[in-house]
Amino acid sequence: MGYIIGKNIVRKEAFNKVTGTAKYTDDFITTGIYHAELLISPYAHAKIINIDIFEAVSSTGVKTIITGSDINVLCGPLLDDMPPLAKEKVRYHGEPVAMVVADCEQNAKAAVAKINVQYQPLQVVNSVLNALKENTVIIHENLQQYKKNVPDVYPEANSNICSHVKIRKGDQQKGWQDSEIIVESSFTLPQSDHAAMETRTAQCEILPNGRVIISSSTQAPFSVKEQINKTFQVPIGVIDVNVFFVGGGFGGKVPVQLEILAYIASKAVDGHAVKIVNNREKDMITSPGKIGLEANMKIGAKKNGKIMAAEMHFNVDCGGYAEIGPRIAKAIAVDCAGPYNIENISCDVLCVYTNHPVATSFRGFGHTSQAFCIERMLDKLAAALNIDPLEIRMINALVEGNYSPTQVKITLSNTGNFGECLNKLKTLINWDEGQRIEENNNLVRAKGIGCFIKTSDSPTNAISGVLLTFNSDGSINLNCGVVEIGPGMKTTAAQILAEKMKMDIGRIHVKMEVDTQTSPVHWKTVASMTTYMVGRAVLSAAEDLIRQLLNAAATVFKCAPEDLEVADEKVFLKTDLQTYLTLKDIVHGYQYQNGNSVVGQIMGRGSFIMNQLTFLDKETGLGKAGPYWTVGAQAVEIEFDTQQHTYRILKAATVVDAGKVLNPKTVKGVLMGGMCMGLGLGTSESFIYDTEGIVQNTSFRTYKMMRYGENPDYLIDFVETPQIDAPYGSRGLAEHGIIGIPAALANAISVAAHVDIINLPITPEQIWRLKAGVQV
Amino acid sequence: MLAFSEKSIVKLNVNGENVTVMINPSYTLLHVLREELGLTGTKPGCENGDCGACTVLVDGWPIKSCLMLAAEAIGHQIVTVEGLKNAPIQKSFVENWGFQCGYCTSGFLMVCHALKNIHPDANDFVIEQWLQSNLCRCTGYGEIKNAVKAVLENRI
Ligand code: FES
Ligand code: FES
């Protein structure tokens, strides 16, 4: 091991990205393409009384106008609850109501402005709390009639609950009896946005021979195929989805929304090519964002800090439609205890409809919100018992032989070494100097910790695949269905292949685009599962190649394949390294001197499917949701001004058990990006609604994200406990940088300002209100 | 003052070449660069002046091309990312892992390139003032800092 693993490999497309030549979906300028433009709802909840398109239809350049009444389908990944264009009523601010297709963007926009919609406003469900009240307004009257696309989603009749996930582990009664101290708290975390720099976009053309050609900025091209197939009964084989570079995803480009609209638009204009591009405002509210969360937590412990019982209620604000919300609810339940061993757990996670924008997967898949709650609880418990916050985490740290909330046995291989992460964090952040240090000029320097554990919640049968072909010079083409959204997965796949083939990575050519007609299926580029899934497929494809290469060379050398070995693009005789065939002489068939030829073209196939995963038991949660966990410990150090209630972020630190670090600079980059985004959630990012559920901050001028210079110094360290079934022992690692950071920030500020932070984002105003006891 | 309302033919100077394009008076420079000239390295991120993804150089200064009308660019020298041609900042971004998805990259490159030309001695404060005009959602800005400093300190 160690041929190329562990080295800093520059991403394959690097020079294309610094010259402006790397192409993203909307960079293919096609003359004659039609533009679709959406009219969106200005209300969060309203009846549509009438849509008057009379004037708009005759507007210059308009080809057609489509409204909800023209389309008789409902869609959604889990529950078919969403019309592509609102029908009869709107359920969130920003919901698409009508779509104009015109010859150019300007004309489409002009026509949209001429559509007249009459609404009758309905009472708005503006929070989860309201959604769950008795006799509240019901957002989906026909909830029970919706078709389920998966067995494990559980809508509750006459309510706003679209699913309910339960964890029942151990003996609650005993847990509480054994507890000597009980800590309780509630938390409220807002919805927010992915804000990938490239807004979502899709194009569709339906050819006369029936083929449906879609290009899209999606993380999940194969889901696009499935959804179009399922929603419109188009044979799945005729749907072709093309994906180029994607300008950041963070989970926001998993939902299939614009692709469906582009298909409807193209269909309505006899298959002509149509494109639809979100402007920033629509990207923020019309397309899905991040969940909100309300939680009530209760933890019981011994005086020595050992947690004995936990009762948790999480209510996920999934907005107007379910989207993937029920899966996020499941993910929160599966890892509800954090990286801690809690024997007795009762946890209920509800996925709740509100009249907020729809939520979907977001970096961390619910774990950032869940970690905020459990990590604040740990600090509260530590304070109540006068135990050091790092120490209390050590006391409760998950170790080999413990059981997860869904009662999967923890091993070093399937989880890693959390205690060691804490140890390293202690040094990295200089914890021993003290958690709160008073300095001059009313300044206080303080640190807070936030930890994480995360598994994926993929379908139990998620698959990946790899195809390898040779060029005549012996270099390899690698084709897989993974989308290059930023973290460099295509390069990682090449690196794993180079290691296995013992060859120069420069001689491995990766197909950057995904074309679902020719790329092997890869479930979705999500969940930090790519390296694991496609990596395993790469290894199996490489083994397939090697087996064929050995057989071919054995034929030529008249020896047994076992006597041969592949390295440096040669097949060697093990006993005589001077005797070899170069790959280029056999990969397209071997030709003897007299012209006779044998073997033929060598091609490699590799495939992977999740194994041993199960559905969770409806009543107890018992079951296995993901193949492994990744654990880590994080910290934030701030400087707080006790007079102004302002603060600066000095440091953000992460220690993660990576199993094996494949490409250090790339992994660190992804972790730093995650930390930065976590600080955004901690300091400023949130949707702000008025009393009628209208989002007030739909531009980057009002929705504040971290900018250059506001970022802290980043500290990163790794623990490497190999994961036995992963490529070169490397555990999935991508989203994790974000997960514990908002919690760590809240813990630091709580200590610095002597306040109890239970909401995000943490603004100086919020701190002042807490200190002064002033309500909003 | 220029005044026109119908589509007109205008001359622009882009990446050192004179080009002739037909434009509507309402077209932004961003639109013309991408849709009329095919220079798609310049990206729309917000079309509202908030993200900097669309940054180009106008007479050497970084300007958000979504906020400038193409008509206003007449008579000025426009440089886009396609016109950088092996500038040290490009290499520096590669060597310092200054991007992931790459969507914000053109804009950052243009700002950094202009900074190096205009303020070769820029200190951290000046760098910050300049680079706060742009947003990156993938990196944590640490690598971008390393990349721009390497160029300012002539280490590339
Ligand atoms: S697109 Fe011009 S600043 Fe965002
Ligand atoms: S690299 Fe993706 S936004 Fe900057």
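Residues numbered from 1 in each chain as written. Chains lettered and ligands numbered in written order. Predicted model: local features only at pLDDT ≥ 70, side-chain atom pairs only at ≥ 80, totals over all residues. Heavy atoms only, no water.

**Q** Give a detailed account of the overall build of chain B, specifying residues and quantitative values.
**A** Scanning chain B from terminus to terminus reveals five helices and five strands. Secondary structure of chain B in N-to-C order comes out as β-β-α-β-β-β-α-α-α-α. Computed over C-alpha atoms, the radius of gyration of chain B comes to 16 Å, within 12% of the 15 Å expected from 2.2 N^0.38 for 156 residues, which places it in the range of a compact globule. In terms of overall dimensions, chain B has C-alpha extents of about 50 × 25 × 25 Å along its principal axes. Per-residue burial over chain B gives 60% buried out of 156 residues. In chain B, the share of contacts with a sequence separation of at least 24, taken over all contacts with a separation of at least 6, comes to 54%. When the accessible area of chain B is evaluated, it comes to approximately 6300 Å², of which 49% is carbon and sulfur surface. In chain B, 12 positive and 15 negative side-chain charges are present, and the distance between their average locations comes to 5 Å. (Helix = DSSP H or I, 4+ residues; strand = E, 2+ residues; numbered from the N terminus. Rg over C-alpha atoms; globule rule 2.2 N^0.38 Å. Buried < 20%, exposed > 50% of the residue type's maximum accessible area, 1.4 Å probe, protein only. Contact = heavy atoms within 4.5 Å. Areas by Shrake-Rupley, 256 points an atom, 1.4 Å probe, with all protein chains shown as cover. Lys, Arg positive; Asp, Glu negative; His and termini not counted. Charge placed at Lys NZ, Arg CZ, Asp CG, Glu CD.)

**Q** Kindly report on the packing of helix α2 (residues 88-95) of chain B against helix α5 (residues 142-152) of chain B, identifying the contributing residues and their values.
**A** Geometrically, a packed helix pair is captured by the angle between its two axes and the distance between the axes. Residue and element names in this part refer to chain B. At a minimum axis distance of 8 Å, the contact between α2 and α5 shows a crossing angle of 140°. It follows that α2 is oblique to α5 by the angle criterion. Classified by chirality, the crossing of α5 by α2 is right-handed. Along its contact with α2, which presents Pro 88, Ile 89, Ser 92 and Phe 93, the element α5 presents Ile 144, Ala 147, Val 148, Ala 150 and Val 151. Looking at the contact of α2 with α5 residue by residue, the classes come out as eight nonpolar, one polar and no charged. (Axes fitted to C-alpha atoms, helices over the stretch in contact; angles between N-to-C directions. Parallel < 35°, antiparallel > 145°, perpendicular 65-115°, else oblique. Left-handed = near helix turned anticlockwise from the far one by under 90°. Nonpolar A, V, L, I, M, F, W, Y, C, P; charged D, E, K, R; others polar.)

**Q** Give a detailed account of the pairing of strand β3 (residues 62-67) of chain A, specifying residues and quantitative values.
**A** Residue and element names in this part refer to chain A. Counting buried positions along β3 yields five of six residues, so the element is predominantly enclosed. Here β3 pairs with strand β5 (residues 96-102) via five bridges, running antiparallel. Counted as the bridge partner of Ile 66 is Met 99 from β5. (Pairing = 2+ DSSP bridges.)

**Q** Lay out the pattern of salt bridges with the relevant residues and their values.
**A** Residues and elements named next belong to chain A. By the definition in use, this model includes 48 salt bridges over all chains. Here Arg 200 and Asp 283 are joined by a salt bridge, their closest N and O atoms 3.0 Å apart. A residue pair is termed long-range when its members are at least 10 positions apart, and Arg 200 in the loop between β8 (181-189) and β9 (201-206) and Asp 283 in helix α8 (residues 280-285) qualify at 83 residues. The residues Arg 200 and Asp 283 share a single accessibility class, namely buried. The network of salt bridges with common partners includes Glu 433, Glu 439, Arg 445, Lys 447, Glu 637 and Lys 651. (Salt bridge = Lys/Arg side-chain N within 4 Å of Asp/Glu carboxyl O.)

**Q** Which residues make up the interface of chain B and chain A, and what are the values?
**A** Contacts between chain B and chain A engage 47 residues on the former and 55 residues on the latter. On the chain B side of the interface with chain A, the three residues burying the most area are Trp97(B), Gln100(B) and Arg137(B), jointly 22% of the side's total. Taken together, the links from chain B to chain A amount to four salt bridges. For Lys43(B), the salt bridge is made with Asp27(A), and the minimal N-O distance between the two is 2.4 Å. Of all the secondary structure elements, the ones that give two or more residues to the side of chain B that touches chain A are α1 (29-36), α2, α3 (105-118), α4 (124-131) and α5 of chain B. Ranked by residue count, the leading element in the side of chain B that touches chain A is α5(B), at five residues. (Buried area = accessible area lost by both parts, 1.4 Å probe.)

**Q** Go over the environment of Lys524(A) with me, naming the residues and quoting the values.
**A** Residues and elements named next belong to chain A. By secondary structure assignment, the location of Lys 524 is in the loop between β21 (514-515) and α15 (530-557). When the C-alpha atoms of Lys 524 and Val 125 are compared, they prove to be 33 Å apart, with 399 residues separating the residues in sequence. Among all residues touching Lys 524, those that are not within four sequence positions of it are Gln 219, Ala 220, Ser 223, Val 254 and Ile 324.

**Q** How would you sum up the state of the cysteines? Please name residues and give values.
**A** Residue and element names in this part refer to chain A. Counting across every chain of the model gives zero disulfides over all chains. In this structure Cys 162 is a free cysteine whose sulfur lies 3.5 Å from that of Cys 351, the closest cysteine sulfur available. Take Cys 162: its relative accessible area is 0%, and that puts it in the buried class. Distance from the sulfur of Cys 347, which forms no disulfide, to the nearest cysteine sulfur (Cys 336) is 4.0 Å. By relative accessible area, Cys 347 is classed as buried at 0%. (Disulfide = S-S within 2.5 Å.)

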